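Residue-level structural notes
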Amino acid sequence: MLLSDRDIMAEIDAGRVGLDPWDPGMVQPSSVDVRLDRYFRVFENHRYPHIDPAADQSDLTRVVEPQGDEPFILHPGEFVLGSTYEVVSLPDDIAARVEGKSSLGRLGLLTHATAGFVDPGFSGHVTLELANVATLPIKLYPGMKIGQFCFFRLSSPSEHPYGSEKYGSRYQGQRGPTPSRSFQSFHRTPI
Ligand SMILES: Nc1ccn([C@H]2C[C@H](O)[C@@H](COP(=O)(O)OP(=O)(O)OP(=O)(O)O)O2)c(=O)n1
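Quick notes on the rules
In every chain, residue numbers begin from 1 and rise along the written sequence. Local features in this predicted model are restricted to residues of pLDDT 70 or higher, and side-chain atom pairs are both shown and tallied only at a pLDDT of 80 or more, whereas totals for entire chains, interfaces and linings draw on every residue. Hydrogens and waters are ignored; side-chain quantities use all the structure's heavy atoms. For cavity detection a 1 Å grid was placed over the protein atoms alone, and a set of points counts as a cavity when a 1.4 Å probe fits there but cannot get out; an open set counts as a pocket when protein lies on both sides within 12 Å along at least five of seven lines, with lining residues being those that have an atom within 4 Å of a point. Grid points are joined across faces, edges and corners, and a volume is the space filled by probe spheres set on the points. Runs of H or I in DSSP of at least four residues are treated as helices and runs of E of at least two as strands, each being numbered from the N terminus. In these notes, residues near a molecule or strand are those with any non-hydrogen atom within 4 Å of it. N or O atoms within 3.5 Å of each other form a polar contact, as long as, within protein, one can give a hydrogen and the other can take it, and as long as residues adjacent in sequence are counted only when both atoms are side-chain atoms. In short, Shrake-Rupley with a 1.4 Å probe defines the accessible areas, and a residue's cover is counted only from the protein chains shown. For every residue, the predictor reports its confidence as pLDDT, a number between 0 and 100. Working definition of a nonpolar core: buried Ala, Val, Leu, Ile, Met, Phe, Trp, Tyr and Cys residues. They are joined through side-chain atoms within 4.5 Å. Throughout this description, buried means an accessible area under 20% of the type-specific maximum (1.4 Å probe, protein chains only), exposed means over 50%, and partly exposed covers the range between. What makes two residues a contact is simply this: any of their non-hydrogen atoms within 4.5 Å.

Quick notes on the layout of surface pockets
Considered as a void within the structure, the largest pocket measures approximately 760 Å³ in volume. Contributing to the lining of the largest pocket are 30 residues, with E129, Y171, T178, P179 and S180 lying nearest its centre. The set of elements that each furnish at least two residues to the lining of the largest pocket consists of β7 (79-89), β10 (117-118) and β11 (123-132). Sorting elements by how many residues they give to the lining of the largest pocket places β11 first, with three residues.

Here we look at the site of the ligand
Inspection of the region around the ligand gives 14 residues, with A115, D119, Y162, R170 and Q174 positioned closest. A115 places a polar main-chain atom, nitrogen or oxygen, 2.7 Å from a nitrogen atom of the ligand. Within the backbone of T127, one N or O atom sits 2.9 Å away from a nitrogen atom of the ligand. Coverage of the ligand by the protein amounts to 76% of the 590 Å² it exposes when considered alone.

Points about unusual backbone geometry
Here the amide bond leading from D20 into P21 is cis, since omega sits at 5°, within 30 degrees of zero. Assignment of secondary structure puts P21 in the loop between β1 (18-20) and β2 (27-28). We note that S185 has phi near 50°; this positive angle belongs to a residue other than glycine.

Examining the confidence of the model for the protein
If pLDDT is low for a region, its predicted coordinates should not be looked at in detail. Residues at a pLDDT of 70 or more form 100% of the protein, whose mean pLDDT is 96. Our summary of model confidence lists the complex with pTM equal to 0.96 and ipTM equal to 0.97.

Some remarks on the nonpolar core
The biggest cluster of nonpolar side chains holds 34 residues, and the ones touching the most others in it are L130, L140 and F151. With residues near it in sequence (within four places) discarded, L140 still touches L36, F40, P71, F72, L74, L109 and L130.

Quick look at the environment of Y48
Mapping Y48 onto the fold places it in the loop between β4 (40-43) and β5 (61-64). Note on Y48: relative accessible area 25%, which makes it partly exposed. The spatial distance from the C-alpha of Y48 to the C-alpha of L60 is 7.5 Å, given a sequence separation of 12 residues. In this structure, Y48 is in contact with D56, Q57, D59 and L60, ignoring residues within four places of it in sequence.

Section: empty space enclosed by the protein
One pass over the structure, following the stated rule, counts one cavity of 30 Å³ or more. The space that makes up the largest cavity amounts to roughly 30 Å³. As for the largest cavity, its lining consists of L19, P21, W22, D23, M26, V32, D33, R35 and E86. Residue contributions to the lining of the largest cavity peak at three residues, all from strand β3 (residues 31-35).

Have a look at this one:
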């Protein structure tokens, strides 16, 4: 079930869902707007001949921080990682999705390429997969509204929420735009 504004507020007031920093003005009818943090990870493609999900390529990306009120310019076709300004924390019976904003989508800005799901139990900044599919560069201002979270109540609490031992939980507690940890516990079924 998708949580309404009043259900979201009740979960926040009960301390079960955390959004830090919290601004009640960000609540929408059944979502909460989130803002863009000031850190980005740009790809250093010259370092590798290919991207390998099985290999530790931690230096494939480099952190860039615009100074003061400077925007980050995202060029057409470019793909960088960003992150939400808010840290989100979910209990074991609520999952979330990060969604784009229509006003930005209409300009050609994508906020996640394929991964919009936030597990029950997750806590951390959410990493944004920012892409410009327009034909002109787009200015990204730290602190601007960049997307929205919507929240879903599970049919029952998760037995092994994100962060518990059972699963990898490779991104629990992540701070800022976090590069892929795909190589950690990379598994391939022989077929
Ligand atoms: N755009 C997104 C989507 C998700 N997450 C966070 C919240 C999720 O709970 C966590 C893990 O997401 P997935 O389960 O989709 O990723 P993996 O399966 O690759 O990671 P893991 O093995 O840790 O489950 O990453 C994020 O930071 N940014």
